[in-house]
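Residues per chain are reported as follows:
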Amino acid sequence: MSSDGESLRCGGISSRGGIPRLCCAALGLTFAALTALAGPVAPPPPGKLYHGFYFGGIGTDTHDPTEHDVTPQDVERYEETVGTKAAWIYFSDNWFESRKFPEAICSWIRQLGKIPYVRLMLRSDVDQLHGEKFFSLDKIIAGDFDDDLRAWARGAKDFGTPLLIEWGTEPNGKWFSWNGKWNGGVKVGPAKYISAYRRIVDLMRAEGADNLQWIWHVNWLDEPEQKWNSFENYFPGEKYCDWVALSAYGPTTPRMEDGAENFAFKMREAYPRLLKIAPGKPILIAEFGCDLHNKHCDAAEWARGALADIFSEKWPAIIGFCWWNEGWQNDNHKKNDTDMIIWHDANLTRVFREALARYSDKIQETPLLRNGGGG
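These numbers were taken from a predicted model, which means no experiment stands behind them.

Colleague: Got a sec to walk through the overall build of the protein chain? Specific residues and values, please.
Modeller: The helix and strand inventory of the protein chain stands at nine helices and 11 strands. Burial analysis of the protein chain (375 residues in total) assigns 58% to the buried set. As presented, the protein chain carries roughly 15400 Å² of accessible surface, and 49% of it is formed by carbon and sulfur atoms.

So, in structure tokens, the structure goes:
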């Protein structure tokens, strides 16, 4: 999908100082009002990138982050920290908490002039490395949740304005219950994922939720690293995703020895594969990050290299990026806690501020919209 004449060009917009006023300001239309009249999110102009924000809270003895612990104040703090506005706010919609469309959080995100980006998470808890007993792929395929999915889609349709959405995040990673390992393994696991994915999308489209823009999101590395588990085997087909996305992390815990390769190494591995399976699809770096206290990798230096590479235009299909700004507990020892929150580290904060200032002319702060449908 290219940025063409149908995109709502709003050059020279300033989104600082409140809800952004677009090129239709003379008509008194805010971004929130304009999106009700326009189509899905368009890619930024060539050479520019969107910048997203994720914040999932901080894990403590009494609180387990549920990946939607974000508030308008968190958004403000983040944007003040890095010196740039975010185009979307990324959060998880966990069905063990509610199966209703998350209207409240989507509404305040829209009021900030940003796009809600929803990770639709049909799961029983936030724990990983286990199969799903309740929201299993078999039950999704059998239609056990059709009524809930239709109701969710009607909520999205009634919301009326553009939404980015993904289901089945990082299917090639064994940490999530929709990975093939937990669903019959080599012969049937990836095929079940595709069937469940298509069912969810078909149901929601049938309800007329055309404001949903579907993103298929994989991990840069297949884990387990076996041919049957390659992310290509989970691809639902071009008609079932508007954009595609990658996760590419450095070490994610203080003690982790693996994953210290630089961002460019991970992109060299995954980017050509994505281009081949989904030619012409825009690509998001939906998640990247590095633990602040890892003994084998300096988070600020890792991020410096990653941001320089992201803005280098060496991967022209990339249209946006989002750091995973979260901290959580790994065991009963605080020294082993994961922390990737940018404002917790002065060096990482400086890296982001300097990079986003240096490449400010390459950042599309305000989302562009298309008149047409689909991607």
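There is more to say, and it comes next.
Colleague: Please give an account of the pattern of salt bridges that cites residues and values.
Modeller: Inspection of the entire model under this criterion finds 19 salt bridges. Taking the shortest distance from any N to any O, the salt bridge between Asp-148 and Arg-99 comes out at 2.8 Å. Residue Asp-148 is found in helix 5 (residues 146-159), and its partner Arg-99 is found in the loop between strand 3 (88-94) and helix 3 (103-111); the two are separated by 49 residues along the sequence. Of the charged contacts, one joins Arg-154 and Glu-207 as a salt bridge, the two residues approaching to 3.5 Å between their closest N and O atoms. Taken together, the residues span a long stretch of sequence, with Arg-154 in helix 5 and Glu-207 in the loop between helix 6 (189-206) and strand 6 (212-219) at a distance of 53 residues. In this structure Arg-154 comes out as partly exposed when scored by relative accessible area, which is 40%. Here the salt bridges do not stand alone but share partners, grouping Glu-67, Arg-119, Arg-123 and Glu-287 into one network.

Colleague: Could you give me a rundown of helix 3, with the residues and numbers involved?
Modeller: Every buried residue of helix 3 is accounted for by Ile-105, Cys-106, Trp-108, Ile-109 and Arg-110. In the stretch just after helix 3, Gly-113 is the one whose phi turns positive, near 80°.

Colleague: Which residues make up the nonpolar core, and what values do they have?
Modeller: Within the largest apolar cluster, 117 residues are counted, with the highest numbers of intra-cluster contacts made by Trp-167, Trp-216, Phe-288 and Phe-352. Ranked by residue count, the leading element in this core is helix 6, at eight residues. With residues near it in sequence (within four places) discarded, Trp-216 still touches Pro-171, Tyr-193, Tyr-197, Phe-231, Tyr-234, Phe-235, Pro-236, Cys-241, Trp-243, Val-244, Ala-245 and Leu-274.

Colleague: Residues and numbers for the environment of Lys-295, please.
Modeller: Along the polypeptide, Lys-295 turns up in the loop between strand 8 (283-289) and helix 8 (299-310). Overall, Lys-295 belongs to the exposed group, its relative accessible area being 66%. Expressed as a C-alpha distance, the spacing of Lys-295 and Glu-257, which sit 38 residues apart in the sequence, is 8.1 Å.

Colleague: Kindly report on the state of the cysteines, identifying the contributing residues and their values.
Modeller: Inspection of the entire model under this criterion finds zero disulfides. Looking at the unpaired Cys-290, the closest cysteine sulfur is the one in Cys-297, lying at 3.9 Å.

Colleague: Help me get a handle on the pairing of strand 7 (residues 243-249), residues and values and all.
Modeller: Burial analysis of strand 7 places seven of its seven residues in the buried class, the great majority of the element. On strand 7, burial covers both faces: Trp-243, Ala-245, Ser-247 and Tyr-249 on one face and Val-244, Leu-246 and Ala-248 on the other are all buried. The sheet contact formed by strand 6 and strand 7 spans five bridges and is parallel. Its bridge partner lying in strand 7, Val-218 is registered against Leu-246. Bridge count for strand 7 against strand 8 is six bridges, and the pairing is parallel. Each residue of the ladder has a partner; that of Ala-245, found in strand 8, is Leu-284. One crossover worth recording links strand 7 to the parallel strand 8 by way of helix 7 (residues 263-277), and it is right-handed.

Colleague: How would you summarise the environment of Glu-365 if you had to cite specific residues and measurements?
Modeller: Relative to the helices and strands, Glu-365 resides in the loop between helix 9 (346-358) and strand 11 (368-369). When its relative accessible area of 17% is taken as the criterion, Glu-365 is described as buried. As for Glu-365 and Lys-48, which are separated by 317 residues in sequence, their C-alpha atoms are 9.6 Å apart. In terms of polar contacts, Glu-365 uses its side chain to reach the backbone amide nitrogen of Lys-85, at 3.2 Å.

Definitions and limits used
Residues numbered from 1 in each chain as written. Predicted model: local features only at pLDDT ≥ 70, side-chain atom pairs only at ≥ 80, totals over all residues. Heavy atoms only, no water. Helix = DSSP H or I, 4+ residues; strand = E, 2+ residues; numbered from the N terminus. Buried < 20%, exposed > 50% of the residue type's maximum accessible area, 1.4 Å probe, protein only. Areas by Shrake-Rupley, 256 points an atom, 1.4 Å probe, with all protein chains shown as cover. Salt bridge = Lys/Arg side-chain N within 4 Å of Asp/Glu carboxyl O. Core = buried A, V, L, I, M, F, W, Y, C linked by side-chain atoms within 4.5 Å. Contact = heavy atoms within 4.5 Å. Disulfide = S-S within 2.5 Å. Pairing = 2+ DSSP bridges. Right-handed = clockwise from strand over helix to strand, strands pointing away. Polar contact = N/O pair within 3.5 Å; in protein donor to acceptor, adjacent residues only side chain to side chain.

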